[in-house]
Amino acid sequence: MKPTAWKPDDPRRTPVTLRCQYLEQGYSDRSLAIMVRDGTLARPRRGAYVAGDVWRDVDEVGRHSIRARAVLAQARTEVALSHVSGLLEYDAPIWGLGLDDVHLTRADGRIGRPEAGVRQHRGALEEGDVVERNGVPVTSPTRLALEVTTMTDVEAGLCVVNDLLHRGLTTESALAERYQRMSQWPNSLTTDMVLRLADPLIESIGETRAFHLLFRHSLPMPVPQYEVKEANGRVLGRVDFAWPELGVFLEFDGRVKYEKLLKPGQRPSDVVIAEKRREDRIRRATGWRCVRITWSDLEHPARTIEMIRQALFPAGAAA
């Protein structure tokens, strides 16, 4: 699947003009300060300016991308957006990741001087590690997936890697090959665990977090995106996770999931009703038990795990 780039009029592409460029055009620091004060301009970082109305209209993610472009414009050496800053160029999930700092990887392998709001990395760049994306240099999806695992925990890293795998922006073999060539990268034990758990069939952050919850609490690991079939082979439906040998399936209910299933002219309630009917058909045909969890359930892991355990092992739970 070819990743879709931002549209030309995407506000995150807004031009960044540096102070020195304005001074060359005849502006003064005083006039720039006045334009910032009246909202004509905004200053995403010291010495860099963008249109004020654009800055006001974008969210935190958009502001980070604009700040990243300002950092690139002010860079004095060859660099590429990387880590969480690079993920935003692919509209990848950033659950559990912070946006306080713009992350760059230097092409010269040197350590840059400390700079407020910027983290410079010096991991060795190989051919193909840097591509152009939305008009700026950014590390490739394969490298990004590995980079992120070195700066966060297994759960957040797995959300990123599963998303990039599911969208076809990288592959399990590409990740394994590049991982083998990683040398002296920090926190590579986290990377190893993420790659062992990663699965391109898992479709969303919610599903990934549910999968990780099961792993962390040592429950049997389910089959993702399982097709439930009748005796004649006709597919009744596909469920998020299933334990066929235990006669249980699990569905993660999230707003994004229902938006994805929404057809022209349908309301969200129509999708919810259709999903409930699908679940009923599967249960009637198979006799399987169904577990449904939501975002709220993920915030109460002990309670949720006990609910799933009781569905998986009802006899044991009753004893």
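Not measured: the values here are computed from a predicted model.

Draft legend 1. Quick look at the packing of helix α7 (residues 154–166) against helix α9 (residues 188–197). Packing of α7 against α9 brings their axes to within 9 Å, and their N-to-C directions diverge by 50 degrees. One element, α7, and the other, α9, form an angle in the oblique class. By crossing handedness, the relation of α7 to α9 is classed as right-handed. Side by side, α7 and α9 meet where Val154, Gly157, Leu158 and Val161 of the first sit next to Thr190, Met193, Val194 and Leu197 of the second. Residue classes in the contact of α7 with α9 are distributed as 6 nonpolar, 2 polar and no charged.

Draft legend 2. Quick peek at the sheet that holds strand β10 (residues 235–243). The strand order across the open sheet built from 4 strands is β9-β10-β11-β12, with neighbouring strands paired in mixed fashion. Where the open sheet ends on each side, the last strands, each with one partner, are β9 (223–229) and β12 (289–294). The sheet shows a mean angle of 50 degrees between the axes of neighbouring strands, direction not considered. Sheet topology places strand β11 (residues 248–253) next to β12; 6 bridges connect them, and they run parallel. Its bridge partner being in β12, Phe252 is matched across the sheet by Ile293. This element, helix α14 (residues 301–312), spans β10, β11 and β12 of the sheet and lies at about 170 degrees to β12.

Draft legend 3. Just the pairing of strand β5 (residues 102–106), in detail. Most of β5 is tucked away: 5 of the 5 residues are buried. On β5, burial covers both faces: Val102, Leu104 and Arg106 on one face and His103 and Thr105 on the other are all buried. Here 4 bridges tie β5 to strand β6 (residues 118–121), and the two strands are oriented parallel to one another. Its bridge partner lying in β6, Val102 is registered against Val118.

Draft legend 4. Looking closely at the environment of His103. In this structure, His103 sits in strand β5. Accessibility expressed as a relative area gives 3% for His103, which makes it buried. Beyond its immediate stretch of four places on either side in the chain, His103 contacts Ala80, Leu81, Ser82, His83, Val84, Ser85, Arg119, His121 and Met151. Side-chain polar atoms of His103 contact the side chain of His121, separated by 2.9 Å.

Draft legend 5. Examining the side chain of Arg106 more closely. Here Arg106 is to be found in strand β5. A polar contact of 2.7 Å, which involves the side chain of Arg106, links it to the side chain of Asp108. Polar side-chain contacts of Arg106 include one of 2.9 Å to the side chain of Gln120.

Draft legend 6. Representation of the pairing of strand β3 (residues 48–51). Pairing geometry for strand β1 (residues 17–18) and β3, over 2 bridges, is antiparallel. If you follow Thr17 over to β3, its bridge partner there is Tyr49. Sheet analysis places strand β2 (residues 41–45) next to β3, joined by 3 bridges and oriented antiparallel. Bridging across to β3, Arg45 finds its partner in Ala48. Connecting β2 to the next strand, β3, in antiparallel fashion are 2 residues, including Gly47 with a positive phi near 85 degrees.

Draft legend 7. View of the packing of helix α6 (residues 141–149) against helix α8 (residues 172–180). Here α6 crosses α8 at 65 degrees, and the two axes come no closer than 10 Å. The crossing of α6 and α8 is right-handed. Of the residues in α8, those in contact with Thr142, Arg143, Ala145 and Leu146 of α6 are Ala174, Leu175, Arg178 and Tyr179. Across the contact of α6 with α8, the residue classes tally to 5 nonpolar, 1 polar and 2 charged.

Draft legend 8. Structural view of the pattern of salt bridges. For the structure shown, the criterion picks out 22 salt bridges. The closest approach of N and O atoms between Arg283 and Glu279, which form a salt bridge, is 3.4 Å. Residue Arg283 and its partner Glu279 are both found in helix α12 (residues 268–286); the two are separated by 4 residues, about one turn of the helix. Look at Glu279 and you get buried, because its relative accessible area is 5%. Residue Glu306 is joined to Arg309 by a salt bridge in which the shortest nitrogen-to-oxygen separation is 3.3 Å.

Cut-offs used in this document
- Residues numbered from 1 in each chain as written.
- Predicted model: local features only at pLDDT ≥ 70, side-chain atom pairs only at ≥ 80, totals over all residues.
- Heavy atoms only, no water.
- Axes fitted to C-alpha atoms, helices over the stretch in contact; angles between N-to-C directions.
- Helix = DSSP H or I, 4+ residues; strand = E, 2+ residues; numbered from the N terminus.
- Parallel < 35°, antiparallel > 145°, perpendicular 65-115°, else oblique.
- Left-handed = near helix turned anticlockwise from the far one by under 90°.
- Contact = heavy atoms within 4.5 Å.
- Nonpolar A, V, L, I, M, F, W, Y, C, P; charged D, E, K, R; others polar.
- Pairing = 2+ DSSP bridges.
- Buried < 20%, exposed > 50% of the residue type's maximum accessible area, 1.4 Å probe, protein only.
- Polar contact = N/O pair within 3.5 Å; in protein donor to acceptor, adjacent residues only side chain to side chain.
- Salt bridge = Lys/Arg side-chain N within 4 Å of Asp/Glu carboxyl O.

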